[in-house]
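# Observations on the three-dimensional arrangement
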Amino acid sequence: MTSPTSDSLLGPADIRELAAALGVRPTKQRGQNFVIDANTVRRIVRTAGVRPDDVVVEVGPGLGSLTLALLEAADRVTAVEIDDVLAAALPATIAARMPERADRFALVHSDAMHVAELPGPAPTALVANLPYNVAVPVLLHMLDTFPGIERTLVMVQAEVADRLAAAPGSKVYGVPSVKANWYAEVKRAGAIGRNVFWPAPNVDSGLVSLVRRTEPIRTTASKAEVFAVVDAAFAQRRKTLRAALAGWAGSAAAAEAALVAAGVSPQARGESLTVEEFARIAEAAPARDTAPAAPNEESGE
């Protein structure tokens, strides 16, 4: 395969020129901060461990900075872009700057949260500069929808990166930490300065690496059942699990019984539990009354 030259990548002047030509002004609403440094996008691709046989999916490609660097390294790249103007312009940018790889690129003009399938071979990697305001739900949706994604590297707000990679017992360990860990081994993979973005954000950014578990969490409970326990535990994170899970179980006594059956102290708090322990609690869930609901009665579903 022909190796594209570094001139193929977008620099600060290229980004501003392209944005001006398109009439694009980055919006806070969509959390748009475009990467303007070629060294940074190459570093992201390197840190992601993108291989020549990888099929990479990118969410929020923007003007194409990271997309071009991914195309240098991967077999093919599919980008998911919600913005009408950016989605319309990206294929032309790829064709102009990396024509020899243009047939390896596909664009999906959609909200990533609604994407259920992608064109071409199933993705093996997810690499993205995720919009800060939707980073966690988009990440979890993509991991859930595309089980073939083995490796993920996302750039997110530093605070979100810390939460995703937090271990039990950490002050920032919470719902994102547990749910990400359901799918993958998660760790921080570096920091990104503010000056590589246009416009420069008022927060720092971090890289998070997620390597999908080779063996899923062993449990007879479904993902939805486990996540329901996680959500309940952290909805009132200052409370003991006996109190926090009372609504989930039907009563504090039923919550205590489930916790004891799962081998978890009723006095523990959600922030101290591993994803495996949450799964054991879900397995010990009290049996629900299966009698049909009375007319006009809320079923609670």
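Bear in mind that the values here come from a model prediction, so they are computed numbers and not experimental data.

What counts and how
- Residues numbered from 1 in each chain as written.
- Predicted model: local features only at pLDDT ≥ 70, side-chain atom pairs only at ≥ 80, totals over all residues.
- Heavy atoms only, no water.
- 1 Å grid on protein atoms, 1.4 Å probe; cavity = no way out; pocket = protein on both sides within 12 Å on 5 of 7 lines; lining within 4 Å.
- Points joined across faces, edges and corners; volume = space filled by probe spheres on them.
- Helix = DSSP H or I, 4+ residues; strand = E, 2+ residues; numbered from the N terminus.
- Contact = heavy atoms within 4.5 Å.
- Polar contact = N/O pair within 3.5 Å; in protein donor to acceptor, adjacent residues only side chain to side chain.
- Buried < 20%, exposed > 50% of the residue type's maximum accessible area, 1.4 Å probe, protein only.
- Arc of directions from axis to C-beta.
- Pairing = 2+ DSSP bridges.
- Axes fitted to C-alpha atoms, helices over the stretch in contact; angles between N-to-C directions.
- Salt bridge = Lys/Arg side-chain N within 4 Å of Asp/Glu carboxyl O.

### A word on empty space enclosed by the protein
- What the rule picks out here adds up to 1 cavity of 30 Å³ or more.
- What lines the largest cavity is L18, L22, G62, L63, L86, A89, L90 and T93.
- At the level of secondary structure, the elements contributing two or more residues to the lining of the largest cavity comprise α1 (12-22) and α4 (84-97).
- Take the lining of the largest cavity: its biggest share by element is 4 residues, from α4.

### Structural notes on the environment of N33
- Counting through the fold element by element, N33 comes out in the loop between α1 and β1 (34-35).
- A C-alpha to C-alpha distance of 9.8 Å links N33 and R194, two positions 161 residues apart in sequence.
- Filtering out sequence-adjacent residues up to four positions away, N33 remains in contact with N129, F197, W198, P199, A200 and P201.
- Among the polar contacts listed, one links the side chain of N33 to the backbone oxygen of P199, at a separation of 2.9 Å.

### Some remarks on helix α6 (residues 158-165)
- Where α6 is concerned, the buried positions are A158, V160, A161 and L164. In an axial view of α6, the angular spread of the buried residues amounts to 160°, which keeps them on one side of the axis.
- Where α6 is buried, its residues touch α5 (135-145), β6 (151-157), α7 (175-183), β7 (184-192) and β9 (205-212).

### Focus on the sheet that holds strand β2 (residues 55-59)
- Reading across the sheet, the 7 strands line up as β4-β3-β2-β5-β6-β9-β7 and stay open at both edges, with mixed pairing between neighbours. Pairing within the sheet leaves two strands with one partner each, and these edge strands are β4 (105-109) and β7. Averaged over all neighbouring strand pairs, the angle between strand axes comes to 20°, with direction disregarded.
- Note that strand β5 (residues 125-129) and β6 share 5 bridges and pair parallel. Within β6, the residue paired with A125 across the bridge is R151.
- Taken strand by strand, α7 contacts β7 and β9, and its axis lies near 120° from that of β7.

### Details of the pairing of β9
- β9 sits mainly inside the fold: 7 of its 8 residues count as buried.
- Sheet topology note: the β6/β9 ladder contains 7 bridges and is antiparallel. Bridging across to β9, M155 finds its partner in L207.
- In terms of strand pairing, β7 meets β9 through 8 bridges, oriented antiparallel. Looking at the pairing, E185 lines up with V211 of β9.

### Some words on the pattern of salt bridges
- Applying the stated criterion across every chain, the model contains 16 salt bridges.
- K179 serves as the salt-bridge partner of D231, at 2.9 Å between the closest nitrogen and oxygen. Residue D231 is found in helix α8 (residues 223-235), and its partner K179 is found in helix α7; the two are separated by 52 residues along the sequence.
- Given the relative accessible area of 12%, K179 is considered buried.
- The closest approach of N and O atoms between E256 and R242, which form a salt bridge, is 2.5 Å. You can see E256 sitting in helix α11 (residues 252-261) and its partner R242 sitting in helix α9 (residues 241-244), a full 14 residues away along the chain.
- By relative accessible area, which is 31% here, E256 ends up partly exposed.

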